[in-house]
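Listed below, chain by chain, are the residues.
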Amino acid sequence: MNLENDLRRALHRESPAPGFAGRVIQRIERDERPARPVWWRAAAASVTLAAILGGYAVHEAAERRRGERAREEVLRAMSIASEKVRIARQEVRQIGSH
Amino acid sequence: MTAIMPTAVDLPAALTRAQSGDHDAFAEVIEQHEAMVYSLAYHFFNDRGRAEEIAQDVFLQLYRNLGTIESDAHLLFWLRQVTTRRCIDVTRRSRMKAVSLDDAGELRAAEKKHDALLDRRLKTFIEQLPDIQRAVVTLRYQEDLDPSDICRIVQLPVNTVKSHLHRALQSLRRKLGEHP
């Protein structure tokens, strides 16, 4: 057995999987894609913040309207109830006067 | 024997175009040298996935340093040196798991005269060598480089390279003898 010849055979050059150069070029192009500038990130952050605040304001306004509607309904119900009590008292008084 | 020292002549057309940012030209340069770079890493790690990863990293590094390449011979020297260094660095950082002797035992049971099996055994035993010996053996027998060429790539005195090579061969002979 000749170890040196065996080593030359065992360590012959082999090719990587097909498309190797393409994979390297893809990585280069990905690395070269320009990073978005700072102003772009600031603008994106502002839009996001505006959307969050806007959503919160809309939600608050809807909540306030719902609260006001509920309050009006309670007042109307109390007013109806009080009118009914007044009519009932009046009828009781009329019966009593007879 | 391939000349490996940089000389300021013979800059191939593809390399010149690649230096001016032509990706197709750089792909040509890769295709010309991918087998050499990939095989250095593959024979060092005996792992195709890791070899692909390292070879890709080496070519990315080459792309970033294209302006410093002066000739085809310089390119060859640069690729061999960077690939070898990267393999050694990766091994030192991760201390990769060596193939266990149980695997070698399985190999022992198989037909010993079969070339493919002998190749597998040699690759397994090479993988178990210390990293610098692995690099020296791969450069010597894959790239057919003399110790005087290898010493420039691994940046060690030529006698140290010869000594690593001698010890690596002794170790491989011993292992092949222990697991005939």
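None of these values were measured; they are calculated from a predicted model.

Moving on, we come to the overall build of chain B. The number of helices and strands found in chain B is nine helices and zero strands. For chain B, the α and β elements follow one another from N to C terminus as α-α-α-α-α-α-α-α-α. Classification of the 180 residues of chain B by burial places 37% in the buried group.

Broken down by element type, chain A carries three helices and zero strands. Put simply, chain A has 98 residues, and 7% of those count as buried.

Residue and element names in this part refer to chain B. Core analysis: the biggest nonpolar cluster contains 50 residues, and Ile30, Ala41, Ala55, Val58 and Leu79 have the highest contact counts within it. For this core, the leading source of residues is helix 2 (residues 23-45), giving eleven residues. Setting aside anything within four residues of it in sequence, one finds Val58 in contact with Val37, Leu79, Val82, Thr83 and Arg86.

Residues and elements named next belong to chain B. Remark: helix 8 (residues 147-154) packs on helix 9 (residues 158-178), axes separated minimally by 8 Å, with the N-to-C direction vectors making an angle of 105 degrees. In terms of their interaxial angle, helix 8 and helix 9 are classed as roughly perpendicular. Here Pro147, Ser148, Ile150, Cys151 and Val154 of helix 8 come into contact with helix 9, specifically with Val158, Val161, Lys162 and Leu165. Residue classes in the contact of helix 8 with helix 9 are distributed as seven nonpolar, one polar and one charged.

What follows deals with unusual backbone geometry. All names here are of chain B. Positioned with a positive phi, Asn46 is a non-glycine residue whose angle comes to about 55 degrees. Within the secondary structure, Asn46 is located in the loop between helix 2 and helix 3 (48-64). A tally of 19 C-beta atoms within 10 Å means that Asn46 is categorised as partly exposed. For Asp144, which is not glycine, the phi torsion reads 60 degrees and is therefore positive. Within the element layout of this structure, Asp144 appears in the loop between helix 7 (131-141) and helix 8. With 12 C-beta atoms packed within 10 Å, Asp144 lands in the exposed category.

Quick look at the interface of chain B and chain A now. Each side of the interface is counted separately: chain B has 30 residues, and chain A has 19 residues. Every element with two or more residues in the side of chain B that touches chain A is listed here: helix 2, helix 3, helix 6 (115-127), helix 7 and helix 9 of chain B. Among the elements that line the side of chain B that touches chain A, the one with the most residues is helix 2 of chain B, at twelve residues.

Below, the discussion takes up the packing of helix 1 (residues 3-10) of chain A against helix 6 of chain B. One can describe the packing of helix 1 of chain A onto helix 6 of chain B by two numbers: an axis separation of 9 Å at closest approach and a directional angle of 90 degrees. In terms of axis orientation, helix 1 of chain A runs roughly perpendicular to helix 6 of chain B. Touching Asp6(A), Leu7(A), Arg9(A) and Ala10(A) of helix 1 of chain A are Asp115(B), Leu118(B), Asp119(B), Leu122(B) and Lys123(B), all from helix 6 of chain B. In terms of residue class, the contact of helix 1 of chain A with helix 6 of chain B is made up of four nonpolar, no polar and five charged.

Parts of the prediction with low pLDDT should not have their coordinates interpreted in detail. Residue and element names in this part refer to chain B. Looking at chain B, the pLDDT average stands at 85 and 82% of residues meet or exceed 70. Low pLDDT, under 50, characterises residues 1-9; the stretch is placed with 24 contacts to residues that sit more than four places away or in other chains. Within the model, pLDDT remains below 50 along residues 96-112, and this stretch shows 19 contacts once partners closer than five positions in the same chain are excluded. Both confidence scores are given for the complex: pTM 0.68, ipTM 0.78.

A separate point is the environment of Ile30(B). Residue and element names in this part refer to chain B. For Ile30, the location among the structural elements is in helix 2. On the neighbour-count criterion, Ile30 (25 C-beta atoms within 10 Å) is buried. As a C-alpha pair, Ile30 and Phe59 span 29 residues in sequence and 7.2 Å in three-dimensional space.

Before going further, it helps to examine helix 9 of chain B. All names here are of chain B. With 21 residues, helix 9 extends 30 Å from end C-alpha to end C-alpha; this agrees with the ideal 30 Å at 1.5 Å per step. Those residues of helix 9 lying buried are Val161, His164, Ala168 and Leu172. Angular distribution of buried residues about the axis of helix 9 spans 65 degrees; they occupy a single face of the element. Opposite the buried face of helix 9, at more than 90 degrees from it, the exposed residues are Asn159, Gln170, Arg174, Gly177 and Glu178.

Here is what the cut-offs are and how they apply
- All residue numbers refer to position in the chain's written sequence, counted from 1.
- Working convention: letters from A go to chains and numbers from 1 go to ligands, in the order in which they are written.
- For a predicted model such as this one, the threshold for reporting local features is a pLDDT of at least 70, and the threshold for listing and counting side-chain atom pairs is 80 or more; totals across whole chains, interfaces and linings nevertheless cover every residue.
- Under the scheme used here, helices are H or I runs from DSSP no shorter than 4 residues and strands are E runs no shorter than 2 residues, and both carry numbers assigned from the N terminus.
- Residue burial here comes from a neighbour count, namely the number of other C-beta atoms, placed from the backbone, that lie within 10 Å of the residue's own C-beta, with 20 or more meaning buried, 12 or fewer meaning exposed, and in between meaning partly exposed.
- When buried Ala, Val, Leu, Ile, Met, Phe, Trp, Tyr and Cys residues are joined through C-beta atoms within 7 Å, the set is termed a nonpolar core.
- A pair of residues counts as a contact when their C-beta atoms, built from backbone coordinates, are within 7 Å of each other.
- Whenever a helix is involved, its axis is fitted only over the stretch in contact; in every case the axis is a line through C-alpha atoms, and angles between N-to-C directions fall within 0 to 180 degrees.
- Each angle is binned into one of four classes, with values under 35 degrees roughly parallel, values over 145 roughly antiparallel, values of 65 to 115 roughly perpendicular, and all other values oblique.
- Lys, Arg, Asp and Glu make up the charged group, whereas Ala, Val, Leu, Ile, Met, Phe, Trp, Tyr, Cys and Pro make up the nonpolar group; the residues left over, Gly among them, are polar.
- As a per-residue measure, pLDDT tells how confident the predictor is, with possible values from 0 to 100.
- Residue count minus one, scaled by 1.5 Å, sets the expected span of a helix.
- This arc is built from the directions going out from the helix axis to the C-beta atoms.

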